[in-house]
Amino acid sequence: MDDLFPETRERLSLSSGAVLLGGFAQAEAQALLHAVELITQQAPFRHYRVVGGGRMAAAMTACGEYGWVSDEQGYRYVRTDPLTGRPWPALPSLFLALAGRAAQAAGYAGFVPQCGLINRYAPGAGMGPHQDRDEHTMEAPVVSVSLGLSALFQWGGARRQDACRKVPLHHGDVVVWGGPSRSHFHGVLPVRSAQSGTGLGCRYNLTFRVVD
DNA sequence: AAGTCACG
DNA sequence: ACCA
């Protein structure tokens, strides 16, 4: 388990099935950011609408077999980027390797994501508590990778009204939630601008999922 | 409401 | 509460 994350700084049990892994190598973070740059050249960041008409504060794009979109038909996964009309950019092997490694370290072997969502949080942007329930299967875990500015992750329970625990997430942290925690509510408090060692002016979050 | 705003 |  531990040898899969040799750079791990800390390991924090969140609840049944959810794990926070801390700190992969800086060189790997730079490679991940470079991959993000290449993806966003093909599938630009955009702001989706939430049900009800509001605008999501986080800018989003995706890579892999499926991408998450929000449109007049609701929240769903599609194989074609509605913005470009082209398939989503391929999941870089670096993403596949990191996601598989993190999932295995958290106790979920054989994780092969079909979707890599990329969320960009400018200072002030956050995401309210919600469940990830648009995937057709909930068997596989969600793997979440934090890059750039730090943020407070809100980790809730199975019900919206359950208390949320605030977990600081920093550049290089990975959160994995599966099993009973797969459908737990979670969100991100508005990101605050700060001088971080990364020099990045925003937070990037990569989330990896199996869709069907 | 995966958002925003008003009001106590 | 709002009423997409």
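Residues numbered from 1 in each chain as written. Chains lettered and ligands numbered in written order. Predicted model: local features only at pLDDT ≥ 70, side-chain atom pairs only at ≥ 80, totals over all residues. Heavy atoms only, no water.

Asker: How should I be thinking about the overall build of chain A in this particular structure?
Answerer: Broken down by element type, chain A carries two helices and 13 strands. In terms of C-alpha radius of gyration, chain A reaches 16 Å, essentially the compact-globule figure of 17 Å for 212 residues. Referenced to the eigenvectors of the C-alpha coordinate spread, the extents of chain A come out at roughly 40 × 40 × 35 Å. Counting across all 212 residues of chain A, residues that qualify as buried make up 52%. Pairs at least 24 apart in sequence give 74% of the contacts found in chain A among residues at least 6 apart. Of the side-chain charges in chain A, 19 are positive and 17 negative, and the distance between the mean point of each set is 7 Å. (Helix = DSSP H or I, 4+ residues; strand = E, 2+ residues; numbered from the N terminus. Rg over C-alpha atoms; globule rule 2.2 N^0.38 Å. Buried < 20%, exposed > 50% of the residue type's maximum accessible area, 1.4 Å probe, protein only. Contact = heavy atoms within 4.5 Å. Lys, Arg positive; Asp, Glu negative; His and termini not counted. Charge placed at Lys NZ, Arg CZ, Asp CG, Glu CD.)

Asker: It is not clear to me how the UniProt feature "binding site: 2-oxoglutarate" (unreviewed entry) in chain A should be interpreted in this structure. Could you clarify?
Answerer: If you check UniProt for "binding site: 2-oxoglutarate" (unreviewed entry), the listed places come out as Asn119, Arg120, Tyr121, Arg203, Tyr204, Asn205, Leu206, Thr207, Phe208 and Arg209 in our numbering. In the annotation above, Asn119, Tyr121, Arg203, Asn205, Thr207 and Arg209 are the residues that line the largest pocket. When you line up the elements, Tyr121 lands in strand 6 (residues 115-121). Residue Tyr121 is classed as buried on the basis of its relative accessible area, which comes to 2%. Within the secondary structure, Phe208 sits in strand 13 (residues 203-209). Not counting the four nearest positions on each side in its chain, Phe208 is found in contact with Leu91, Phe95, Ala99, Phe111, Pro113, Cys115, Gly116, Pro141, Val142, Val143 and Val145. (UniProt positions renumbered as here; feature names shortened; annotations may be inferred. 1 Å grid on protein atoms, 1.4 Å probe; cavity = no way out; pocket = protein on both sides within 12 Å on 5 of 7 lines; lining within 4 Å.)

Asker: Can you help me understand the packing of aromatic side chains in this one?
Answerer: Ring pairs (aromatic) are described by centroid distance and by the angle formed between their planes. Here the structure, examined in full by the defined rule, presents seven aromatic pairs. The interplanar angle of 35° and the centroid separation of 6.2 Å between the aromatic rings of Phe45 and Tyr204 together place this pair among those described as tilted. In this pair, Phe45 is assigned in the loop between helix 1 (26-42) and strand 3 (59-64) and Tyr204 in strand 13, connecting sequence segments 159 residues apart. Look at Phe95 and Phe208: their rings are 5.6 Å apart centre to centre, the planes differ by 70°, and that puts the pair in the edge-to-face class. (Phe/Tyr/Trp six-rings, centres within 6.5 Å; stacked < 30°, edge-to-face > 60°.)

Asker: Which parts of the structure should I look at to understand the nonpolar core?
Answerer: Here is a general trend for soluble globular proteins: nonpolar side chains tend to be buried in one another's company. Within the largest apolar cluster, 34 residues are counted, with the highest numbers of intra-cluster contacts made by Phe95, Val145, Leu147, Leu206 and Phe208. Of all hydrophobic cores here, the second largest spans 31 residues; its members include Ala125, Leu149, Ala151 and Val175. (Core = buried A, V, L, I, M, F, W, Y, C linked by side-chain atoms within 4.5 Å.)

Asker: Whenever I open this one, the sheet that holds strand 10 (residues 165-169) confuses me. Can you help?
Answerer: In a beta sheet, neighbouring strands are held together by backbone hydrogen bonds and run either parallel or antiparallel to one another. The strand order across the open sheet formed by four strands is 7-12-9-10, and the pairing between neighbours is antiparallel. The strands lining the two open edges of the sheet, one partner per strand, are strand 7 (127-130) and strand 10. Taking each pair of neighbouring strands and ignoring which way they run, the sheet shows an average axis angle of 20°. The pairing of strand 9 (residues 151-155) with strand 12 (residues 186-188) spans three bridges and is classified as antiparallel. Opposite Phe153, over in strand 12, you have Val188 as the bridge partner. (Pairing = 2+ DSSP bridges. Axes fitted to C-alpha atoms, helices over the stretch in contact; angles between N-to-C directions.)

Asker: Honestly, the pattern of salt bridges in this entry has me stumped. Any pointers?
Answerer: Pairs can form between side chains of opposite charge once their charged atoms are near each other. By the definition in use, this model includes eight salt bridges. Across the pair Asp81 and Arg46 runs a salt bridge, and its minimum N-O distance is 2.8 Å. Note that Asp81 is positioned in the loop between strand 5 (74-78) and helix 2 (93-105) and Arg46 in the loop between helix 1 and strand 3, a separation of 35 residues in sequence. Close ionic contact of Glu135 with Arg209 constitutes a salt bridge, the shortest N to O distance being 3.1 Å. Taken together, the positions of Glu135 in the loop between strand 7 and strand 8 (142-148) and Arg209 in strand 13 put the pair 74 residues apart, joining distant regions of the chain. Look at the salt bridges and you will find they share partners, linking Asp132, Glu135, Arg182 and Arg209 into a network. (Salt bridge = Lys/Arg side-chain N within 4 Å of Asp/Glu carboxyl O.)

Asker: Any chance you could explain the environment of Pro113 here in plain terms?
Answerer: Tracing the backbone shows Pro113 in the loop between helix 2 and strand 6. Using a relative accessible area of 5% as the deciding quantity, one classes Pro113 as buried. For Pro113, the contacting residues outside a window of four places in its chain are Leu91, Leu96, Ala99, Phe208, Arg209 and Val210.

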